[in-house]
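# Architecture and fold: a report
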Amino acid sequence: MNGLKRDFPILRQEVNGHPLVYLDSAATSQKPLQVIQALEEYYRGYNSNVHRGVHTLGSKATDAYEGAREKVRRFVNARSVKEIVFTRGTTTALNLVAASYAKPRLQAGDEIILTPAEHHSNLIPWQQVAKATGATLKYFPLAADGTLEMGKVKEMITPQTKIVAMQHVSNVLGTVHPIKEIAQLVHAQGGVIVIDGAQSAPHLKVDVRELDVDFFAFSGHKMCGPTGIGVLYGKEELLEQMEPIEFGGEMIDYVDLYDATWKELPWKFEGGTPIIAGAIGLGAAIDYLEAIGLDKIEEHDRKLASYAVDRLSQIEGLTIYGPREGRMGVVTFNLGDVHPHDVATVLDAEGIAVRAGHHCCQPLMRQLQVTATARASFYLYNDEADIDLLVKGLQKTKEYFGHVIR
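Thresholds, definitions, all that
Here the residue index of a chain counts from 1 through its sequence in written order. In keeping with the model being predicted, local features are shown solely for residues with a pLDDT of at least 70 and side-chain atom pairs are shown and tallied solely at 80 or more, while totals for entire chains, interfaces and linings include all residues. With hydrogens and water excluded, all non-hydrogen atoms of the structure serve as input to the side-chain values. UniProt positions are given in the numbering used here, feature names are shortened, and annotations may be inferred rather than shown by experiment. Numbering of helices and strands runs from the N terminus, with a helix taken as a DSSP run of H or I at least four residues long and a strand as a DSSP run of E at least two residues long. Radius of gyration: C-alpha atoms only; globule rule: 2.2 Å multiplied by the number of residues to the exponent 0.38. Whether two residues are in contact is decided by their heavy atoms: any pair within 4.5 Å suffices. Surface exposure here means Shrake-Rupley accessible area, sampled with a 1.4 Å probe, where a residue is shielded only by the protein chains that are shown. Counted as positive: Lys and Arg. Counted as negative: Asp and Glu. His and the chain ends are not counted at all. For charged residues, the charge sits on one atom: NZ in Lys, CZ in Arg, CG in Asp, CD in Glu. Only protein chains enter the calculation, and the probe is 1.4 Å; a residue is then buried if its accessible area is under 20% of its type maximum, exposed if over 50%, and partly exposed in between. Each Phe, Tyr or Trp ring, with Trp reduced to its six-membered ring, pairs with another whose centre is within 6.5 Å; inter-plane angles below 30 degrees give stacked pairs, above 60 give edge-to-face pairs, and intermediate values give tilted ones. Strand pairing requires that DSSP identify at least two bridges connecting the strands. In this analysis an axis means a line fitted to C-alpha atoms, helices contributing only their contacting stretch, and an angle means the value between N-to-C directions, from 0 to 180 degrees. For this classification, under 35 degrees means roughly parallel, over 145 means roughly antiparallel, 65 to 115 means roughly perpendicular, and everything else is oblique. Left-handed describes a crossing whose near helix is turned anticlockwise from the far helix by less than a right angle; the clockwise case is right-handed. Amino acids outside the nonpolar list (Ala, Val, Leu, Ile, Met, Phe, Trp, Tyr, Cys, Pro) and the charged list (Asp, Glu, Lys, Arg) are all regarded as polar, and Gly is one of them. What is meant by a nonpolar core is a set of buried Ala, Val, Leu, Ile, Met, Phe, Trp, Tyr and Cys residues, joined one to another through side-chain atoms within 4.5 Å.

Looking up the protein chain in an unreviewed UniProt entry gives the name Cysteine desulfurase, with the organism given as Laceyella sacchari. Per UniProt, the protein chain carries the Cofactor (unreviewed entry) text "pyridoxal 5'-phosphate".

## Quick look at the overall build of the protein chain
Looking only at helices and strands, the protein chain features 13 helices and 17 strands. Taken over the C-alpha trace, the protein chain has a radius of gyration of 22 Å; the compact-globule value for 406 residues is 22 Å, and the two agree within 12%. If you line up the protein chain on its principal axes, its C-alpha atoms span 70 × 55 × 35 Å. Taking the contacts inside the protein chain whose residues are at least 6 apart along the sequence as the reference set, 70% of them involve residues at least 24 apart. As displayed, the protein chain offers around 17200 Å² of accessible surface, 49% of which is attributable to carbon and sulfur atoms. Of the charged side chains in the protein chain, 41 are positive and 50 negative; the average position of the first set lies 1 Å away from that of the second.

## What about the environment of Leu 57?
Mapped onto the fold, Leu 57 is located in helix α2 (residues 56-76). Accessibility expressed as a relative area gives 38% for Leu 57, which makes it partly exposed. Measuring from C-alpha to C-alpha, the distance between Leu 57 and Tyr 46 comes to 5.0 Å, with 11 residues separating the pair along the chain. Not counting residues up to four positions away in its chain, the partners in contact with Leu 57 are Gly 45, Tyr 46, Asn 47 and Ser 48.

## Regarding the packing of aromatic side chains
The geometry of an aromatic ring pair is captured by two quantities: the separation of the ring centres and the angle between the planes. One pass over the full model with this rule turns up 11 aromatic pairs. Their ring planes at 80° and their centres at 5.2 Å tell us that Tyr 42 and Tyr 46 sit as a pair that is edge-to-face. Placement of the pair is Tyr 42 and Tyr 46 together in helix α1 (residues 33-46), with a separation of 4 residues, close to one helical turn. You can call Tyr 42 buried: its relative accessible area is 3%. Judged by its relative accessible area of 6%, Tyr 46 is buried. When the ring of Tyr 65 is compared with that of Phe 86, the centres are 5.3 Å apart and the planes differ by 50°; the resulting orientation is tilted. Linking Tyr 65 in helix α2 with Phe 86 in strand β4 (residues 84-87), this pair joins segments that are 21 residues apart in sequence. Each member of the pair, Tyr 65 together with Phe 86, is buried.

## Here's the deal with the sheet that holds strand β14 (residues 330-335)
On the basis of which strands lie adjacent, the open sheet formed by 4 strands has the order β13-β14-β17-β16 and antiparallel pairing. The open sheet is flanked by β13 (318-321) and β16 (355-357), the only strands paired with a single partner. When the angles between neighbouring strand axes are averaged without regard to direction, this sheet yields 30°. Looking at chain direction, β16 and strand β17 (residues 373-377) are connected through 3 bridges and run antiparallel.

## Details of the UniProt feature "domain: Aminotransferase class V" (unreviewed entry) in the protein chain
Under the local residue numbering, the UniProt record ascribes the feature "domain: Aminotransferase class V" (unreviewed entry) to residues 21-390. With 39% helix and 17% strand, the stretch residues 21-390 has end C-alpha atoms that lie 8 Å from each other.

## Some details on the environment of Ile 179
Within the secondary structure, Ile 179 is located in helix α6 (residues 179-188). For Ile 179, a relative accessible area of 2% translates into the label buried. When the C-alpha positions of Ile 179 and Asp 212 are compared, they lie 8.7 Å apart, and in sequence the two are 33 residues distant. Those residues in contact with Ile 179 that sit more than four places away from it in its chain are Met 166, Gln 167, His 168, Ile 193, Ile 195, Leu 211 and Val 213.

## With respect to the pairing of β17
In terms of residue burial, β17 counts as a mostly covered element, since 5 of its 5 residues are buried. Alternating residues of β17 divide into Thr 373, Arg 375 and Ser 377 and Ala 374 and Ala 376, and every residue in both groups is buried. Examined bridge by bridge, β14 and β17 share 4 bridges and lie antiparallel to one another. Bridging across to β17, Val 330 finds its partner in Ser 377.

## Comments concerning the packing of helix α11 (residues 340-349) against helix α13 (residues 384-400)
With their axes 9 Å apart at the nearest point, α11 and α13 run at an angle of 120° to one another. Judged by the angle between their axes, α11 and α13 are oblique. Considering how the two elements wind past one another, α11 and α13 form a crossing that is right-handed. Along its contact with α11, which presents Val 343, Val 346 and Leu 347, the element α13 presents Leu 390, Gly 393, Leu 394 and Thr 397. Each residue belonging to the contact of α11 with α13 can be placed in one class, and the counts come to 5 nonpolar, 2 polar and no charged.

## A few points about the nonpolar core
Counting 77 residues, the largest nonpolar core has Phe 86, Ile 182, Val 213, Phe 216, Met 223, Leu 289 and Leu 380 as the members making the most contacts within it. Top contributing element to this core by residue count: helix α9 (residues 276-292), with 11 residues. Residues within four places of Ile 182 in sequence aside, it is in contact with Leu 148, Met 150, Val 153, Ile 157, Val 164, Met 166 and Ile 193. Judged by nonpolar contacts, the second largest core, of 27 residues, contains Ala 93, Leu 94, Tyr 101 and Ala 102.

Listed below in structure tokens is the structure:
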């Protein structure tokens, strides 16, 4: 990934007198100049609403917006653009599945299975479905390193299992779950599998047909795209069965005073003025990532994670959570009894940006027997020198808080 940093203008700055070392890509990635220019070109050159007019600007905007949908379809290898719904992000996409697919269909006696490591966006919607329908929530157990015990997974999936909703890659532990294998188990029992792909789509090649998942949600802002744009992939036959949960302009076919009918897929789920600039920016981000190659990005991120685990393991008093090997570009840790917010504050003084807190995974924090952790996450613009600076910053943190390191 040599030379990619120059594509990201924000990385050229100094923070607190130090060159910026950005290690918070699991929260949001930085944006390359190519994406920034695509957004600027839209707003400067052909800003207009889509699907509504025949004038030149409107036609150009519509072509760009729907062209972005085709890029997403290709990116995840969906069969049709009808299976690609633009949303505000992963959270909105998962809530759409929970409210429109699951809630009308589940009942008492049905089971929804999650993992204890789910992001709140893939936990709370299912809690609400269970409360509304009487369905039962269950959880696959995690091994000590955060990986799934597949023998127990197989035992838990039964004909009562109507939904399995889980992350592809953990935003805390970096674990990569065997989604294809789990999907086979779920489908053999007649269930549906819903995948939170927020941490996988930016970092590895996703093929929804190869994985055979029923729904797959991800966000643009974690993969070099703009904030406020996300995607729900759903198998066409399942999306056809679902009703919209947001009503208004754009998503309608025919309206009279007492009833209305909906547009065909995917537009029936995209009420109101859509996220035009966001979709165009996401399309530009996909162009950027595909020019590099998702296989190369995955290899790079895995190597960085392995290097980071090796280097951080040499710091006495530092605890790393998650698997030793096989993780994606996330390393979550605590430094003795120093609060993660204090760790992040000292690192920030050195120009190093990491995350601190519960990472929207409070149940997982309780399982790890901590209230919070610090998290360093890497992407295609990071290198080993960034990790070396992180280690140096943590050594300085250790010296400053030496009285509570044990």
